[in-house]
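Overview (structure and organization)
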Amino acid sequence: MAEKKNILTYAGLKQYEDELQNLKVFKRKEVAQKIKEAREQGDLSENAEYDAAKDEQREIELRIEELEKLLKNAEVVVEEEIDLDKINVGCKVKVYDVDEDEEMEFYIVGSTEANSLQNKISNESPVGKALMGKKTGDVVDVETQMGVIQYKVLEIQRV
């Protein structure tokens, strides 16, 4: 079975590549130094610093593995090639929430980049799925846990 492609914007790709580089170059050395210093203290069976450093090393290696897998299966959306006639990954979308009588902005990104605090919503989320492929002026009904929300697409831009 083929692994799922991780859809990323260029900014998301850069962020993950930078994190991976930082973990491999700096964090590995930092934790190795902590382990070395803890070993020099003697008895490892009751050495909390050694245990903490080994735990940190394990977490770093897991994150490195996770990032390498994510990047290996990355499919980067080229923002310049995005068709601004319809909503797609890599778009910034301005919508009007009919029920709340307010305008909102969303950035449509792949699931690995989603961050609700930054209004980055996944193309796989209920709102993202409903908006994908829609055009300016379209009205979209989004089925959520709190009922149906209606959005009118006001504007589509590149990020």
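As annotated in an unreviewed UniProt entry, the protein chain carries the name Transcription elongation factor GreA and comes from Candidatus Lachnoclostridium stercoravium. Of the protein chain, the UniProt comment under Sequence similarities (unreviewed entry) reads exactly: "Belongs to the GreA/GreB family."

Side note on the packing of helix H1 (residues 10-39) against helix H2 (residues 48-72)
The geometry of a pair of packed helices is captured by two quantities: the angle between their axes and the separation between those axes. Close contact between H1 and H2 brings their axes to 9 Å; oriented N to C, the two are set at 160°. As judged from the angle between their axes, H1 and H2 are roughly antiparallel. Viewed along their axes, H1 and H2 form a crossing whose handedness is left-handed. Considered class by class, the residues forming the contact of H1 with H2 number 14 nonpolar, one polar and 14 charged.

Notes on the packing of aromatic side chains
A complete count under the given rule lists one aromatic pair for this structure. Note on Phe-106 and Tyr-151: the rings are 5.9 Å apart at their centroids and 80° apart in plane angle, and the pair reads as edge-to-face. Placement of the pair is Phe-106 in strand E4 (residues 102-109) and Tyr-151 in strand E7 (residues 147-158), with a sequence separation of 45 residues.

Considering the side chain of Thr-9
Residue position: Thr-9 is located in strand E1 (residues 6-9). Those residues in contact with Thr-9 that sit more than four places away from it in its chain are Val-76, Val-77, Glu-79, Gly-90, Val-109 and Glu-113.

Some thoughts on H2
Counted at 1.5 Å a residue, the expected span for H2 with its 25 residues is 36 Å, and the 36 Å between its end C-alpha atoms agrees. Buried-residue contacts for H2 involve E1, H1 and strand E2 (74-77).

Details of the nonpolar core
Ile-87, Val-93, Phe-106, Ile-108, Val-127, Leu-131 and Val-153 are the most contacted members of the largest nonpolar core, which totals 18 residues. Counting eleven residues, the second-largest nonpolar core is a separate cluster that includes Leu-8, Leu-23, Ile-64 and Leu-71.

Here's the deal with a negative patch on the surface
Residues Asp-99, Glu-100, Asp-101 and Glu-102 make up a contiguous surface patch of negative charge. Summarising the element assignment, Asp-101 is placed in the loop between strand E3 (91-97) and E4.

Overview of the sheet that holds E7
One open sheet holds the five strands; their spatial order is E5-E4-E3-E7-E6, and the pairing between them is mixed. Each having just a single partner strand, strand E5 (120-122) and strand E6 (139-144) make up the two edges of the open sheet. Within the sheet, the average angular offset between the axes of one strand and its neighbour, ignoring direction, is 45°. Pairing of E3 with E7 involves seven bridges; the strand directions are antiparallel. Among the inter-strand pairings, Lys-94 is bridged to a residue of E7, identified as Glu-155.

Quick look at unusual backbone geometry
Even without being glycine, Asp-101 reaches a positive phi, approximately 55°. A positive phi angle is found at Asn-119, which is not glycine, with a value near 60°. For Asn-119, the position within the fold is in the loop between E4 and E5.

Examining H1
Its 30 residues place the ends of H1 42 Å apart at the C-alpha level, agreeing with the 44 Å of an ideal helix rising 1.5 Å per residue. Considering bend angle alone, the principal kink of H1 is centred on Leu-23 and spans about 35°. Three or more residues of H1 are buried, namely Gly-12, Leu-13, Tyr-16, Leu-20, Leu-23, Val-31, Ile-35 and Ala-38. Looking at the packing, one finds that the buried side of H1 touches E1, H2 and E2.

Quick notes on the pairing of E3
Successive residues of a regular strand alternate their side chains across the two faces of the sheet. Across the seven residues that make up E3, a large majority, five, are buried. Where E3 and E4 come together, six bridges link them in antiparallel fashion. Looking across to E4, one finds that Tyr-96 is bridged to Glu-103. Once E3 ends, the chain turns through four residues before running back antiparallel as E4, passing Asp-101 with a positive phi of about 55°.

Scoring rules and cut-offs
Residues numbered from 1 in each chain as written. Predicted model: local features only at pLDDT ≥ 70, side-chain atom pairs only at ≥ 80, totals over all residues. Heavy atoms only, no water. UniProt positions renumbered as here; feature names shortened; annotations may be inferred. Axes fitted to C-alpha atoms, helices over the stretch in contact; angles between N-to-C directions. Helix = DSSP H or I, 4+ residues; strand = E, 2+ residues; numbered from the N terminus. Parallel < 35°, antiparallel > 145°, perpendicular 65-115°, else oblique. Left-handed = near helix turned anticlockwise from the far one by under 90°. Nonpolar A, V, L, I, M, F, W, Y, C, P; charged D, E, K, R; others polar. Phe/Tyr/Trp six-rings, centres within 6.5 Å; stacked < 30°, edge-to-face > 60°. Contact = heavy atoms within 4.5 Å. Expected span 1.5 Å × (residues − 1). Core = buried A, V, L, I, M, F, W, Y, C linked by side-chain atoms within 4.5 Å. Buried < 20%, exposed > 50% of the residue type's maximum accessible area, 1.4 Å probe, protein only. Patch = residues over 30% accessible without salt bridge, like charges linked within 9 Å, V, L, I, M, F, W, Y side chains within 5 Å. Areas by Shrake-Rupley, 256 points an atom, 1.4 Å probe, with all protein chains shown as cover. Salt bridge = Lys/Arg side-chain N within 4 Å of Asp/Glu carboxyl O. Lys, Arg positive; Asp, Glu negative; His and termini not counted. Charge placed at Lys NZ, Arg CZ, Asp CG, Glu CD. Pairing = 2+ DSSP bridges. Bend = angle between axes of the 7 residues up to and from the residue.

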